[in-house]
Amino acid sequence: MSWFSKAASETQITHGSRLWLYVVAALVMIFLVAPTIIVIPMSFSESQYLEFPPRTWSTRWYDHYFNSYEWMSATRTSVVAAFLTMVVATPLGVMAAYGLFVSSFRFSHMIFLLLISPMMVPVVLIAIGVFYVYAKMKLVHSMTGLVLAHSMLAIPLVLIVVSSALKSYDMNQEMVARSLGASRLRAFMVVTLPQIRFSVITAALLSFLTSFDEVIVALFISGGDNATLTRGMFITLRDQIDPTIASISTIMVLVSSSLLVLAQVFGQNKDGK
Amino acid sequence: MSVAESLHAPLAVRTEDAPNAAGLKSDAAKERMQLLGLCSPALVLVTITMVLPVIWLFYLSFLSDEGTFSLEHYHRLTASKAYARIFYTTFQVSVLTTLICVVIGYPLAYFLAQLPRRAAALCMITVLLPFWTSLLVRTYAWLVLLQRKGLVNTWAIELGLWDEPIKIVHNLNGTLIGMVHIMLPFLVLPVYASMKAIDTDYVKAAANLGASPIQAFWKVFFPLSLPGLFAGALIVFVLCLGFFVTPAVLGGGRVIMVAMSITDTIELFFNWGAASALGVVLLVMTLGSLFAASKLLNLDRILGGGRGGH
């Protein structure tokens, strides 16, 4: 019996009769990954016009990126802002998730909705609103302002990831620790936190990436010495196809795929089980 | 009963008749209040950087240029043909993107849901990798691929699909290709989750009772996967409404959506009143879609990703 006539699912449909499904799925998967992958070899092209495959290979555009004061300064701003956002948003989000989980008031649901609302309100609206308020508070172009705004955007992700981990965690364990004399804080740190740590790490990685990849808010409130990498990329992109962007894109793809691998590794060890 | 409830319940039962019952009860309430205080730093941050600015914009949108209350910005929105066109484009792009995502995303999710665990995890990377990659990088990739002398044109001509380079970027087509690419993971992930939650015994039972594979799919499996499909489509639609980067880069100025119009109004004309009014309309459209969806469908059930059965 060939593979084509083998049963493929519970309904005894054969692999052969749903070959079309495999073809469609394969095409869609290629559509999803190909563009990002193809930029990588293109970034090593010598030519001003991005070619695939490149006729002559060179690291010209990487040299251009690493030797440019503007791009280096923008990269530094983005990395620092993303790191600080992670440091601010993760504890704030974990505290809020824990507080909402253990107190469980009737209006807790409202607070939860309010805290995840940055995910529902269009980012453009948040961007111009923050810009307006920051202009009054003299926070435009400042690192503090950027980190605060990005932390607000990251809190919903931290809250959702950590809340779902807490749901599958048995809170009685913390009760045991407390009945044996541990304070609530100590019980949380020693008993609960280690068991939800993988979700907390995932949440931290997500908040780093939220800030690092954010474009629109940064477009309005970052600038001068504190202009972010994405802001520079977006402004360049609007005008021309600069191959330097291909080299920066390659580096960004490497950063995010290594974060994805990290998250997958941690994800394998499911929390609270 | 949730874990948190069970945490307090025994205390309440035990102390029902005790002389200090009232005191204990108020202590417990006080402690829960303090624990709720753990939310306050996050609440303060979200209030200052989002709630207040949005309220402020709301206020600005009702202010005339002379500083008095007026509806002039909203009047201009309804009177001008240019704005009608922008809203039409926004809806057109959002609806088309959502439809294409459903048509190509559902089969992919179905395929992934039926794979063995390891193979599914491997194929899932193709959905997660773009999800984690910067949207700017992906938009740039499409700009490069779709340009006049780009890879798509070159290969299509070599394969004889068309004779000379055609314009696929800096127009609606380019925008749609880019948007579908960005939005697809938002559809595939919830649909996949809801398919995984379907009890395969239902499908087996249908087959057992004589349903053909196609009947079993349409009569049993498909209806059970609908909550996930609706949730995914809703997320995609709402995200599209406020989208900015991809249409700005791939539309080449020919596809103007509300979000782009808002930034232009600020950056070029410094007209806060007009931009705020547009923003308020965008917010109402977004929240309106979410609200309508939650009324039409049981949103808790969707977001819970439950079995979706009856």
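All values derive from a computational prediction rather than experimental measurement.

Analysis parameters
Residues numbered from 1 in each chain as written. Chains lettered and ligands numbered in written order. Predicted model: local features only at pLDDT ≥ 70, side-chain atom pairs only at ≥ 80, totals over all residues. Helix = DSSP H or I, 4+ residues; strand = E, 2+ residues; numbered from the N terminus. Buried ≥ 20, exposed ≤ 12 C-beta atoms within 10 Å, placed from the backbone. Contact = placed C-beta atoms within 7 Å. Axes fitted to C-alpha atoms, helices over the stretch in contact; angles between N-to-C directions. Parallel < 35°, antiparallel > 145°, perpendicular 65-115°, else oblique. Nonpolar A, V, L, I, M, F, W, Y, C, P; charged D, E, K, R; others polar. pLDDT = per-residue confidence, 0-100.

Caption draft 1: Spatial organisation of the overall build of chain B. Each helix and strand in chain B was counted, giving 15 helices and 0 strands. Looking at chain B as a whole, 40% of its 310 residues are labelled buried. Here the analysis covers contacts within chain B between residues at least 6 apart in sequence; of these, 74% occur between residues at least 24 apart.

Caption draft 2: Focus on the packing of helix α1 (residues 19-42) of chain A against helix α5 (residues 81-114) of chain B. Interhelical geometry of α1 of chain A versus α5 of chain B gives an angle of 110° and a closest axis separation of 9 Å. Classed by the angle they form, the pair α1 of chain A and α5 of chain B counts as roughly perpendicular. Residues Leu21, Tyr22, Val24, Ala25, Val28 and Met29 of chain A of α1 of chain A touch α5 of chain B, and the partners they reach there are Ile104, Pro107, Leu108 and Phe111 of chain B. Per-class residue counts for the contact of α1 of chain A with α5 of chain B are 10 nonpolar, no polar and no charged.

Caption draft 3: Region of interest: the interface of chain B and chain A. Tallying the contact residues gives 75 residues for chain B and 77 residues for chain A. The dominant element in the side of chain B that touches chain A, judged by the number of residues it contributes, is helix α3 (residues 40-61) of chain B, at 12 residues. When the residues that make up the side of chain B that touches chain A are grouped by side-chain class, the tally is 56 nonpolar, 14 polar and 5 charged.

Caption draft 4: Summary view of the confidence of the model for chain B. Residues and elements named next belong to chain B. The predicted model of chain B averages 85 in pLDDT, with 90% of residues at 70 or higher. The low-confidence segment residues 302-310 (pLDDT under 50) makes 18 contacts with residues lying over four places distant or belonging to another chain. For this predicted complex, the interface confidence score (ipTM) comes to 0.87, while the overall pTM stands at 0.86.

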